[in-house]
Amino acid sequence: MNLVALPAFSDNYIWMLHDDHQAIVVDPGDAAPVAAALDARGLALAAILVTHHHPDHVGGLAALRPRLQGPVFGPAREAIPPPFEPLADGDSASALGLSFQVIDVPGHTAGHIAYFLPSAGDGQAPILFCGDTLFSGGCGRLFEGTPAQMHHSLGRLAALPGNTRVCCAHEYTESNLRFAGAVEPANAALAAYTAACRALRAQGLPTLPSTIAQERAINPFMRCEAPDVISAALDQGAADRSGPAVLGALREWKNHFR
Ligand code: ZN
Ligand code: FE
């Protein structure tokens, strides 16, 4: 399987997984980059996976339906443009001979789901399509959910295999890492990763996919139990040392961080 990040809008990625004949795309907020990528490679569109209802993730659905040869899969608890096959925690989505496991990850939106592919064939590493829940070095804003929900959702993603390729829906890495550096200035893995990501961006390349192991090492929102993260959160007014309180304080701080 080939995994490709199609840039869309100013900082979205529409992920495409294909076998040189057929493709799956994830969160097509815009149809044009998807159509161009399918045409350029001579691919049929076998299925679409949607993580949540925001326009920058579903805006291209209507225009892609005429060439779609299979289902649109989407979150059962959100209103995305119909028709679609509704999925919730524990369900699976089948396409291209692959089986994606659905994980409920509320927080950014109330019904947000993620898709985990344990095996992409040929011994390839697992893949996670996490929409706007987990970003490299950060997490989505809490538009419809609570810090406790996001803490639980990120904990479930952190429990996936370390070599899982993390396919986030936005290129927010550099700004996230500036914030992460303020939270954990002494994190050596974070400093090394920040330098590597800067080099990629300087060449115009995506910083994604990341990996679960990388995020566990550098993402403050996945490190709410680390002593330095807890003390930084307490300095920012976290009510106590619990994971939800730490995550809530980090999220508030990040919302205003420059
Ligand atoms: Zn969103
Ligand atoms: Fe988004």
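This text gives an overview of the structure that appears in the document. (Residues numbered from 1 in each chain as written. Chains lettered and ligands numbered in written order. Predicted model: local features only at pLDDT ≥ 70, side-chain atom pairs only at ≥ 80, totals over all residues. Heavy atoms only, no water.)

Let us look at the coordination of the iron ion (ligand 2). Taken together, D56 (OD), H57 (NE2), D132 (OD) and H170 (NE2) make up the full set of protein donors to the iron ion (ligand 2), lying 2.1 to 2.3 Å away. Every donor residue of the iron ion (ligand 2) comes from the same chain, spaced as D-H-x74-D-x37-H. Here the zinc ion (ligand 1) and the iron ion (ligand 2) are spaced 3.3 Å from one another, each receiving a donor from D132. Here D132 lies in the loop between β10 (127-131) and β11 (134-135) and D56 lies in helix α2 (residues 55-58), a separation of 76 residues in the sequence. Taken as a pair, D56 and D132 share a single burial class, namely buried. (Donors = N, O, S within 2.8 Å, 3.2 Å for Na, K, Ca; no water. Helix = DSSP H or I, 4+ residues; strand = E, 2+ residues; numbered from the N terminus. Buried < 20%, exposed > 50% of the residue type's maximum accessible area, 1.4 Å probe, protein only.)

Turning our eyes to something else, we now look at unusual backbone geometry. Of note, the bond from P82 into P83 is cis; its omega dihedral lies within 30 degrees of zero at -5°. Mapped onto the elements, P83 comes out in the loop between β5 (72-75) and β6 (85-87). Cis geometry marks the peptide bond from L208 to P209, where omega comes out at -5°. With respect to the helices, strands and loops of the structure, P209 is situated in the loop between α6 (188-202) and β14 (210-211). We note that D27 has phi near 55°; this positive angle belongs to a residue other than glycine. For D27, the position within the fold is in the loop between β3 (22-26) and α1 (31-41). Unlike most non-glycine residues, L96 shows phi in positive territory, near 55°. One can find L96 in the loop between β7 (92-95) and β8 (98-104).

With that settled, consider the packing of aromatic side chains. Tallied over the full model, the rule gives seven aromatic pairs. Aromatic side chains F135 and Y172 sit 4.8 Å apart centroid to centroid with 70° between the ring planes, which places their arrangement in the edge-to-face category. One end of the pair, F135, is in strand β11; the other, Y172, is in the loop between β13 (165-168) and α5 (173-183), with 37 residues separating them in the sequence. Note on Y172: relative accessible area 30%, which makes it partly exposed. A network of ring pairs unites the aromatic residues F179, F221, W253 and F257 as a single cluster. (Phe/Tyr/Trp six-rings, centres within 6.5 Å; stacked < 30°, edge-to-face > 60°.)

Attention now moves to the sheet that holds strand β9 (residues 113-117). An order of β7-β8-β9-β10-β13-β14 is seen for the six strands of this open sheet, with the pairing classed as mixed. Each of the sheet's edge strands pairs with one partner strand only, and the pair in question is β7 and β14. Pairing of β7 with β8, which is carried by four bridges, proceeds in the antiparallel orientation. Following the sheet pairing, A93 is matched in β8 by F100. Packed onto the sheet, helix α4 (residues 147-158) meets β8, β9 and β10 and runs at close to 150° relative to β8. (Pairing = 2+ DSSP bridges. Contact = heavy atoms within 4.5 Å. Axes fitted to C-alpha atoms, helices over the stretch in contact; angles between N-to-C directions.)

Around a metal, the ideal angle is 109.5 degrees if four donors adopt a tetrahedral arrangement and 90 or 180 degrees if six donors adopt an octahedral arrangement. Coordination of the zinc ion (ligand 1) by the protein is provided by H52 (NE2), H54 (ND1), H108 (NE2) and D132 (OD), with metal-donor distances spanning 2.2 to 2.3 Å. Taken together, the four donor atoms coordinating the zinc ion (ligand 1) and their angles of 86 to 170° define a geometry best described as irregular. Read N to C, the donor residues that coordinate the zinc ion (ligand 1) are spaced as H-x1-H-x53-H-x23-D. (Tetrahedral: all angles 85-135°; square planar, octahedral: opposite > 155°, others 65-115°.)

Within the secondary structure layout, A76 lies in the loop between β5 and β6. For A76, a relative accessible area of 42% puts it in the partly exposed group. For the pair A76 and E144, spaced 68 residues apart in the sequence, the C-alpha separation amounts to 16 Å. The residues touching A76, leaving out its near neighbours within four places in the chain, are P86, L87 and A88.

Another point: the nonpolar core. Core analysis: the largest hydrophobic core is formed by 58 residues, its most contacted members being L49, F100, Y115, F129, L157 and L250. Ignoring anything within four residues of it in the chain, the contact list for F129 reads L3, W15, V26, L49, T51, F100, A114, Y115 and C167. In this structure, M16, A23, V25 and I48 belong to the second largest nonpolar core, which totals 21 residues. (Core = buried A, V, L, I, M, F, W, Y, C linked by side-chain atoms within 4.5 Å.)

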